[in-house]
Amino acid sequence: MTSKIFRSIFLVAMCILAACFVMIISILNTYFTGVEEAQMENSLQFSALGVEQGGLSYLQGLDENCRLTWVDADGTVLYDTRSDVTQMENHAQREEIQEALTTGKGSSVRYSETRTEKTIYRAVRLSDGTVLRTSISQATVLYLVLGMLQTIAVILVAALAISMLLAYKLTNNIMSPLRNLDMDRLPDTPPYPELEPLLQKIKGQKQEIDKQKKELADKRLSMEFAEQNRREFTANVSHELKTPLQSIMGSAELIENGMVKPEDLSRFAGKIRKESHRLLTLIEDIIHLSWLDEDEPLRMEPVDLYAAAEEEIASLRPIASENNIQLNLLGETAVIQGIPQLVREIIHNLCDNGVKYNRNGGKVTVRISETEEKVLLSVSDTGIGIPQAHQSRIFERFYRVDKSRSKATGGTGLGLSIVKHAASYMNADITLESALGVGTTITVKFKK
Ligand code: ADP
């Protein structure tokens, strides 16, 4: 930047200097040439008068300072104040002489070979037909310029130094607000209005970069979270699978070694069947959960909530009646856009919990209702209820309020997690109301 400013200043200074120089020289040259020519004219007229009256003797009386040449009408030089006429050639061809002979007055300018000197000639025809000529020699403009070369060099060096100093100062002045610009905290108004578009662009890009940084950080965080979730889930699954398998193996070993009395055999077989059943449900639940993690989206289609609830309730009736629990369905046909197998999964798991965590002789009621914007599916029970402290966590995978009760009823701890996943897959909201010892109501709100 300094060198660019320096170059500009130097160039401008040089241009101004050259222009001034040319102007001054040409004005002075014109002026002085004019003055000299007027003087020549005067003295020629004066001398012409002298020659007309005094003839040769007038010229001979003049000193060498004034150069006068007297030429005959045929060009022969009659007299010259500075040279010997016998050495001089015929002047008939000289421009000024020819002009004076024909028009009465003549003038011409001739340059020396080096063009450093010029001679101005003025000639006048006298009454006897001869011509009187005067001349002066001048240094040309070129000569003057050559003579001033030293001065010009000094001026050039001075301009160079001044340009450098000015460029340095100017650059500093221009650059210092830019150097002091804090890129992390850009000002609202730029130091120069011309920088406004640039500043706006930088600001925009900075915002964009910040946004991208934040998105990247969020993405990393959510990936880490997902990874941690996956690891936890794998650890939990292995643990959950191991427990019933170990119990099955233990019972089988006892039977194999003949350590079980014949009357206890059916109890052990029952235990093996129950644990195997638990394993099966666990595997089924894991498979259902993994469906929801699939990348390929499941197809949404119209599903009648009432019909689906009817089917699921029918399948649960045997277990419900075993525990003396009444299963009711209220409401009427309500069609939503959803995934049939997920809807059935939701209804099944909620009703299953309503039955499992109920008291003997209790009730489970499924209600299908509609508001202006939503279709609601609510499952209420008259069961044990969920303590306030656990309510926010029961939708987590493998989370159980009472582990032993869940296990005793064949629970896997995945039921509500499947409900939550399935609901969010279909953009449905879930609400929970529960009071200890009174009962629980879970409502799934589907968008119409
Ligand atoms: P589980 O297979 O153990 O039932 P869930 O995910 O379905 O797993 O439920 C998680 C836990 O939430 C259960 O272990 C239970 O403690 C509690 N829970 C779920 N539904 C009810 C309910 N209707 N009444 C009382 N507690 C419930």
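It should be noted that the structure appears before, not after, this text.
Everything numeric in this text was worked out from a predicted model, so none of it was measured.

## Overview of the overall build of the protein
Each helix and strand counted, the protein has 12 helices and 12 strands in total. Taken against the 2.2 N^0.38 rule, which gives 22 Å for 448 residues, the C-alpha radius of gyration of the protein at 60 Å runs more than 25% over that of a compact globule. When the backbone C-alpha atoms are referred to their principal axes, the protein occupies close to 180 × 55 × 35 Å. Buried residues in the protein amount to 33% of all 448 residues. Of all intrachain contacts in the protein linking residues separated by at least 6 positions in sequence, the fraction that spans at least 24 positions is 59%. Accessible surface for the protein amounts to roughly 27,800 Å². Of this, 57% is attributable to carbon and sulfur atoms.

## Some details on helix α5 (residues 149-179)
Look at α5: 43 Å from first C-alpha to last across 31 residues, which is about the 45 Å you get at 1.5 Å a residue. Burial in α5 covers these residues: Ala159, Ser163, Ala167, Thr171 and Met175.

## Notes on the side chain of Ser163
One can find Ser163 in helix α5. Contacts of Ser163, omitting those with residues within four sequence positions, involve Phe6, Ile9, Phe10 and Ala13.

## With respect to the pattern of salt bridges
Within the structure shown, the criterion is met by 21 salt bridges. Taking the shortest distance from any N to any O, the salt bridge between Arg185 and Asp182 comes out at 3.8 Å. Under the relative-accessibility criterion, Arg185 is labelled exposed at 65%. In this structure, Glu312 engages Arg344 in a salt bridge whose closest nitrogen and oxygen atoms are separated by 4.0 Å. Of the two residues, Glu312 sits in helix α8 (residues 305-322) while Arg344 sits in helix α9 (residues 340-356), which places them 32 residues apart along the sequence.

## Quick word on the sheet that holds strand β11 (residues 429-435)
Reading across the sheet, the 5 strands line up as β7-β9-β10-β12-β11 and stay open at both edges, with mixed pairing between neighbours. Each edge of the open sheet carries a strand with a single partner, namely β7 (326-331) and β11. Each adjacent strand pair in this sheet contributes to an overall mean axis angle of 10°, direction not counted. Of the strands in this sheet, β7, β9 (363-370), β10 (374-381) and β12 (439-447) are in contact with α9, which crosses β10 at around 25°.

## Considering the site of the ligand
The full set close to the ligand counts 20 residues, and Tyr357, Ser406, Thr412, Gly413 and Leu416 are the nearest of them. Between the ligand and Gly413, the relevant distance is 2.8 Å, taken from an oxygen atom to a main-chain nitrogen or oxygen of the residue. Look at the ligand: alone it shows 530 Å² of surface, and the protein chains cover 97% of it. For the shell around the ligand, the secondary structure elements donating two or more residues are α9 and α12 (415-425). Here the shell around the ligand is composed, by residue class, of 8 nonpolar, 8 polar and 4 charged.

The rules we used
Within each chain, residue numbers correspond to sequence positions counted from 1 in written order. A pLDDT threshold of at least 70 governs which residues receive local features in this predicted model, and a stricter bar of 80 or more applies before side-chain atom pairs are shown or counted, although totals over entire chains, interfaces and linings include all residues. Hydrogens and water molecules were not included; the side-chain quantities draw on all heavy atoms of the structure. Segments assigned H or I by DSSP are reported as helices when at least four residues long, segments assigned E as strands when at least two residues long, and all are numbered from the N terminus. The reference for a compact globule is 2.2 Å times residues^0.38; the radius of gyration itself is calculated from the C-alpha atoms. The cut-offs for exposure are 20% and 50% of the maximum accessible area for each residue type, with area from a 1.4 Å probe on protein chains only; residues under the lower value are buried, those over the upper are exposed, and the others partly exposed. Residue contacts are counted whenever heavy atoms from the two residues lie within 4.5 Å of one another. Per-residue and other accessible areas follow the Shrake-Rupley method at a 1.4 Å probe size, with only the shown protein chains counted as cover for residues. To estimate the expected span of a helix, count its residues, drop one, and scale the result by 1.5 Å. Here, a salt bridge means any side-chain nitrogen of Lys or Arg that lies within 4 Å of a carboxyl oxygen of Asp or Glu. At least two DSSP bridges between two strands are needed for those strands to be called paired. Axis definition: a line fit to C-alpha positions, over the contact stretch in the case of helices; interaxial angles, taken between N-to-C directions, run 0 to 180 degrees. Near residues are defined by distance, with any heavy atom within 4 Å of the molecule or strand qualifying the residue. Two N or O atoms form a polar contact when they lie within 3.5 Å of each other; inside protein one atom must be a possible hydrogen donor and the other a possible acceptor, and for residues adjacent in sequence the pair counts only when both atoms belong to side chains. All amino acids are sorted into three groups, where Ala, Val, Leu, Ile, Met, Phe, Trp, Tyr, Cys and Pro are nonpolar, Asp, Glu, Lys and Arg are charged, and the leftover types, Gly among them, are polar.

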